[in-house]
Amino acid sequence: MPRGTSKDRAEAAEPVGSRIVTGVPPRSGLFRRLGPPLLRGVLSTRDSDLAAAARDFGNRVHLRPVAVLHPADAEDVAAIVRFGRENGFAVVPRGAGCSVDGQAQASDGIVVDLSALCAVGEPAPDRVRVDGGARWSAVLDATLPRGRAPLVVPDHLGLSVGGTLSVGGIGGTSHRHGSVADNVLELEVVTANGDLLTCSPVRRPELFDAVRGSLGRYGIITGATLALTGTRSSARTYRLVYHDPAALLADQQRLVHEGRFEHVEGHAHCSGTSGWRFVLEAMQSFDAPHEPDDTALLKDLAHHHVDTIGTTSYRDFLNRVAPLEARLRATGSWQHHPHPRCNVLLPGRQAAALVTQALAGLTEEDIGPGGSVLLYPVPTARLAAPNVPKARDALTVVFGLQRTAPPGRPELLDRMVRDNLALRATVRKAGGADYAYAATHCEAPGRP
């Protein structure tokens, strides 16, 4: 790991360490001989902990570390980063374990399990301080009873706050508020040197900018102060069906420009010989008896028909992925099946053509059981954090192929991986970008 020429430079722009160490002999004996630093938490070398740290949601890469740290506090994280730096061990943070290609694993390195740092502070009207390992569900449990919530919340509330900030964090309200990383007021970060520092737009702003959206390369986020806004009690949801992606994307862009809805997203579904259908999902919150005007909100849109209009609690809307996760966990798919997922950012002007091209040769099998296709429009100017990726266009469209490969089908898994790599290359050439993905050892099908 390179060293900076000054402390300021190291704080702002130096990677914490190699993301993955491969092709080296096992170093567990060396690790034990060196002796770990004095820690308040637990530094485990138990087989069960090492095996758990060698798995992630992707269920495709399994890299075994020499130790797993369950820190008692951020000082433990700083101490193990210093130890790793001095002795040549990669130190990799792990939040909720939702990576798909081993990004939070460390072959013969040290994994810091941030789930132990999960405290959520007492919310103030405009902010709440949380640990980096806190889940979004816990954040909302603390803020919603006070009528407050973060401005942008990811779809899956099981993600960790620190992990979300490390990729940027895009949700259905990003067309109004940008990424999660654009709505954080302050961060607590362990730097490459093992310094525990606080940063914000006015205090160490270079470090603040470097850490957000950079996939953990410039520091480990151990705490964050999130901006909050007011909430209403109920959510009116709308599902509109389209027959082609161009019409869906045009209406999405119109809704984003006009600001009709708080939440805007889209999905694509493949159903046998019926081919692909596209669904625009939108939400407007309210307090009874002041219900939204459905006719006005849907006026002059080009959808083929309205699938559903429904009302639920605002909390249930934010937690809408939970029932799907529960169903997939019941079958074992969520925990055990490979998930070669691919999220890219499309330039708005070419989004319809790129989506049409990508989906043209895909079938239900190529997405897999429980898989989905996501489409989120975000004005690029809203993505202000400098390291959060974006398309070279006025509009950035998140295009996510949330694939699941059934077990025992290695040829199908390889095909999914090849298709993902080809899509990423096509999108980058068109002026788009990868999202929540860093090139790793896992760049070709058939790798462990």
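The model shown is predicted, which means the values in this text are computed figures rather than measured ones. (Residues numbered from 1 in each chain as written. Predicted model: local features only at pLDDT ≥ 70, side-chain atom pairs only at ≥ 80, totals over all residues. Heavy atoms only, no water.)

S.K.: I keep staring at the pattern of salt bridges and nothing clicks. Help me out?
M.R.: Side chains carrying opposite charge are able to pair once their charged atoms draw close together. Per the counting criterion, the structure on display carries 28 salt bridges. Here Asp 126 ties to Arg 127 by a salt bridge, and the two come within 3.3 Å at their closest N and O atoms. Taking relative accessible area as the criterion, Asp 126 reaches 39% and is therefore assigned partly exposed. Judged by its relative accessible area of 38%, Arg 127 falls in the partly exposed class. Note that Arg 409 is salt-bridged to Glu 411, the shortest N-O span being 2.4 Å. With a relative accessible area of 43%, Glu 411 lands in the partly exposed category. Within this structure, Glu 365, Asp 366, Arg 409, Glu 411 and Arg 415 form a network of salt bridges that share partners. (Salt bridge = Lys/Arg side-chain N within 4 Å of Asp/Glu carboxyl O. Buried < 20%, exposed > 50% of the residue type's maximum accessible area, 1.4 Å probe, protein only.)

S.K.: Explain the sheet that holds strand β3 (residues 91-94) to me, please; I cannot follow it from the model alone.
M.R.: Through backbone hydrogen bonds, the strands of a sheet pair up, either in parallel or in antiparallel fashion. Pairing is mixed across the open sheet formed by 4 strands, whose spatial order is β1-β2-β4-β3. Looking along the sheet, the strands with just one partner apiece sit at the ends: β1 (42-44) and β3. The average undirected angle you get between the axes of adjacent strands in this sheet is 25°. The sheet contact formed by β3 and strand β4 (residues 110-113) spans 4 bridges and is parallel. Among the inter-strand pairings, Val 92 is bridged to a residue of β4, identified as Val 111. (Pairing = 2+ DSSP bridges. Helix = DSSP H or I, 4+ residues; strand = E, 2+ residues; numbered from the N terminus. Axes fitted to C-alpha atoms, helices over the stretch in contact; angles between N-to-C directions.)

S.K.: Got a minute to help me understand the packing of aromatic side chains in this structure?
M.R.: One pair of aromatic rings is described through two measures. These are the centre distance and the angle between the planes. This model, assessed by the stated rule, comprises 3 aromatic pairs. For the ring pair Phe 57 and Trp 334, a centre distance of 4.9 Å and an interplane angle of 55° mean the geometry is tilted. Taken together, the residues Phe 57 in the loop between α3 (47-53) and β2 (67-70) and Trp 334 in helix α13 (residues 333-336) connect sequence positions 277 residues apart. Accessibility expressed as a relative area gives 11% for Phe 57, which makes it buried. A cation over a ring is seen here: Arg 320 above Phe 317, with NZ or CZ 4.4 Å from the ring centre. (Phe/Tyr/Trp six-rings, centres within 6.5 Å; stacked < 30°, edge-to-face > 60°. Lys NZ or Arg CZ within 6 Å of the ring centre and 35° of its normal.)

S.K.: Would you take a moment to explain the pairing of β4 for this structure?
M.R.: Moving residue by residue along a regular strand, the side chains alternate between the two faces of the sheet. Along β4, one buried face is formed by Ile 110 and Val 112 and the opposite face, lined by Val 111 and Asp 113, is buried too. Two strands pair when backbone bridges link them, and β2 and β4 are joined in this way by 3 bridges, in the parallel orientation. The partner of Ala 67 across the bridge, within β4, is Ile 110.

S.K.: Please explain the packing of helix α9 (residues 245-258) against helix α14 (residues 351-360) as it appears in this structure.
M.R.: In a pair of packed helices, the angle between the axes and the distance between the axes together describe the arrangement. Look at α9 against α14: their axes get within 9 Å of each other, and the N-to-C directions meet at 145°. Crossing hand, α9 versus α14: right-handed. Taken together, the residues of α14 that come into contact with α9 (itself represented by Pro 245, Ala 246 and Leu 249) are Ala 351, Ala 352, Val 355 and Thr 356. Across the contact of α9 with α14, the residue classes tally to 6 nonpolar, 1 polar and no charged. (Left-handed = near helix turned anticlockwise from the far one by under 90°. Contact = heavy atoms within 4.5 Å. Nonpolar A, V, L, I, M, F, W, Y, C, P; charged D, E, K, R; others polar.)

S.K.: In this structure, what is going on with the side chain of Asn 59? I would like to understand it.
M.R.: Position of Asn 59 relative to the elements: it lies in the loop between α3 and β2. A polar atom in the side chain of Asn 59 sits 2.8 Å from the backbone oxygen of Gln 335. If near-sequence neighbours (up to four positions away) are discounted, Asn 59 is found in contact with Trp 334, Gln 335, His 336, His 337, Pro 338 and His 339. (Polar contact = N/O pair within 3.5 Å; in protein donor to acceptor, adjacent residues only side chain to side chain.)

S.K.: Honestly, the sheet that holds strand β15 (residues 372-379) in this entry has me stumped. Any pointers?
M.R.: Judged by pairing direction, the sheet is antiparallel, and its 8 strands sit side by side in the order β13-β10-β12-β11-β15-β16-β14-β17 without closing on themselves. On the outer flanks of this sheet lie β13 (305-313) and β17 (433-434), each paired with one strand and no other. Two strands pair when backbone bridges link them, and strand β10 (residues 234-242) and β13 are joined in this way by 8 bridges, in the antiparallel orientation. The partner of Tyr 238 across the bridge, within β13, is Ile 309. Packed on one face of the sheet, α9 meets β10, β11 (263-270), β12 (276-286), β15 and β16 (395-402) and runs near 20° to β12.

S.K.: Could you clarify how one ought to interpret the state of the cysteines in this entry?
M.R.: Should the sulfur atoms of two cysteines be covalently bonded, the bond is a disulfide. Throughout the structure, instances matching the rule amount to 0 disulfides. Cys 118 provides the cysteine sulfur closest to Cys 98, a residue in no disulfide bond, and the two sulfurs are 15 Å apart. Residue Cys 98 is classed as partly exposed on the basis of its relative accessible area of 30%. (Disulfide = S-S within 2.5 Å.)

S.K.: What is the right way to look at unusual backbone geometry in this model?
M.R.: Across the chain, the bulk of peptide bonds are trans and the bulk of non-glycine residues have phi less than zero. In this structure, Pro 289 follows Ala 288 across a cis peptide bond, with omega equal to 5°. Relative to the elements of secondary structure, Pro 289 occurs in the loop between β12 and α10 (294-297). Positive phi, close to 50°, is recorded for Arg 204, a residue that is not glycine. Relative to the helices and strands, Arg 204 resides in the loop between β8 (196-199) and α8 (205-211). Judged by relative accessible area, Arg 204 falls into the partly exposed class, the value being 30%. One non-glycine residue, Leu 215, adopts positive backbone phi at about 60°. Secondary-structure assignment places Leu 215 in the loop between α8 and β9 (220-230).

S.K.: Whenever I open this one, the side chain of His 156 confuses me. Can you help?
M.R.: Among the secondary structure elements, His 156 is positioned in the loop between β6 (148-150) and α6 (161-167). Judged by relative accessible area, His 156 falls into the buried class, the value being 17%. Residue contacts for His 156: discarding those within four places in its chain leaves Cys 98, Glu 325 and Trp 334.

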